[in-house]
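# Structural overview for review
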Amino acid sequence: MTKSPWRSTRLHFALLVLALAGAWLSFERPFADTANGAPAGAVVVRAAEGEVERVVYDRGEQSLEIEARQDDLGRWFAGREGTDTVFVGGRQVEAAWRGLEPLRAVRVLEGVDGTKLEELGLAGGESPPERLTLTVRDHEVRYRLGGRPFGGADRYARREPGPDGEGDAAGTVLVLPSEVVSSLGGGAELLMERRLLASSRPEVETMSLRRPGAGVSEPLRILQRTGANLTDTYWTVSGSDEADADIGTWVDKFFRLSVTGYRSGEPGADWRSEAVIRVESREHGASTLEIWSAPAGEGRAWFARSPFTRLVVELSASLAEEVCADLDGLL
């Protein structure tokens, strides 16, 4: 009797599944029977909202520091990567911070011996360790990071003694959730806030546009008219109910502006104010964005700042120049 090719395929597939399951169990089994293993979601750092003050992530030569700060607009995150790069943390940082207040381990594993610690990347070694350090209510909690569980993005971690000598018991290993550690590894490029304003385009009701040096004393006030459907939304000049295509085109370009980098310090003496734009929305009130240009080689660099960005930010030169030049045709 000839064997069915389909039956043979199913047999090979079943063997593959069993092999993968065996590999997973061989890796995970040493922890499965641990009598002292804490349940999933165990709190390992008790911190209420607002109590995590600072996070430092170190990996070799990479050093990332983020500090929670408070101002009139609420809590925000000041970041520094290395010695030069400063930035304001965006939604990725906000999400990671929520996972720290409190910090819950996916699992807590106890009685892990030296051999297994080496397999998990937590036994030390010559290379600089990867570390995560939290400051909670002026108290420092430091973790050495290891590898990832089979097939996952979570991280094995081991608490190290802090300045006060406090630490976990010998042989205790945590599995920290991926959202806490993985995003920090992306550095400033991934973590920085890219928005210029708290209000997104659909939320904006009115904008006042001014071009310093354009010879126009009064700013141009424009409004967003909304209808029952998204397609009924349009922009017009204050006092008019007619859609203005030129204003709509300018608004499209303006809301494409985004942060490409951050700078510490104030605008330079040779910077030229290019535009002042006041945005109003029900959700976030009024906010003013100022745009500057500055000499840079044979061209000009473009910068901006609003209460939301806190710091001076860098803009794409070509788009920022186009947005400001197009204002001349509207004013």
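Anything mentioned here points back to the structure above.
This text gives an overview of the structure that appears in the document. (Residues numbered from 1 in each chain as written. Predicted model: local features only at pLDDT ≥ 70, side-chain atom pairs only at ≥ 80, totals over all residues. Heavy atoms only, no water.)

Turning to the overall build of the chain, a few remarks are in order. A count of helical and extended segments in the chain gives 7 helices and 19 strands. Looking at the chain as a whole, 38% of its 331 residues are labelled buried. Contacts in the chain between residues far apart in sequence, at least 24 positions, make up 57% of those at least 6 positions apart. Of the roughly 18,100 Å² of accessible surface on the chain, a fraction of 49% belongs to carbon and sulfur atoms. (Helix = DSSP H or I, 4+ residues; strand = E, 2+ residues; numbered from the N terminus. Buried < 20%, exposed > 50% of the residue type's maximum accessible area, 1.4 Å probe, protein only. Contact = heavy atoms within 4.5 Å. Areas by Shrake-Rupley, 256 points an atom, 1.4 Å probe, with all protein chains shown as cover.)

Strand-to-strand pairing in sheets goes through backbone hydrogen bonds, with the strands running parallel or antiparallel. Ordered by their spatial adjacency, 8 strands build an open sheet running 14-13-12-16-17-18-19-15, and the pairing between neighbours is antiparallel. Among the strands making up the open sheet, the edge pair consists of strand 14 (234-237) and strand 15 (261-263). Adjacent strand axes in the sheet meet at a mean angle of 30°, parallel and antiparallel pairs treated alike. Sheet topology note: the strand 18 (residues 299-305)/strand 19 (residues 312-315) ladder contains 3 bridges and is antiparallel. Pairing of W302 across the sheet is with L315, part of strand 19. In the packing of helix 6 (residues 245-254) onto the sheet, the strands contacted are strand 12 (204-210), strand 13 (220-225), strand 14, strand 16 (272-281) and strand 17 (285-296), and the crossing angle to strand 14 comes to about 115°. (Pairing = 2+ DSSP bridges. Axes fitted to C-alpha atoms, helices over the stretch in contact; angles between N-to-C directions.)

Below, the discussion takes up the environment of L145. Secondary-structure assignment places L145 in strand 9 (residues 139-145). Note on L145: relative accessible area 4%, which makes it buried. With 14 residues separating them along the chain, L145 and R159 place their C-alpha atoms 8.8 Å apart. In this structure L145 touches Y57, G121, L122, E130, R131, L132, R155, Y156, A157, L176 and V181, once residues within four positions along its chain are discounted.

Turning to the side chain of E274, a few remarks are in order. Structurally, E274 can be placed in strand 16. A relative accessible area of 5% places E274 in the buried class. Reaching out from E274, the side chain makes a polar contact with the side chain of R272 at a distance of 2.9 Å. In this view, E274 contacts R211, P212, I291, W292, S293, R300, W302 and C324; residues no more than four positions away in its chain are not counted. (Polar contact = N/O pair within 3.5 Å; in protein donor to acceptor, adjacent residues only side chain to side chain.)

Right, let's get into the side chain of Q224. When you line up the elements, Q224 lands in strand 13. We classify Q224 as buried; its relative accessible area is 12%. There is a polar contact of 3.1 Å between the side chain of Q224 and the backbone oxygen of R201. At 2.6 Å, the side chain of Q224 and the backbone oxygen of V204 are in polar contact. The residues contacting Q224, other than those within four sequence positions of it, are R201, P202, V204, E205, T233, Y234 and W235.

This is a description of form; function is not addressed.
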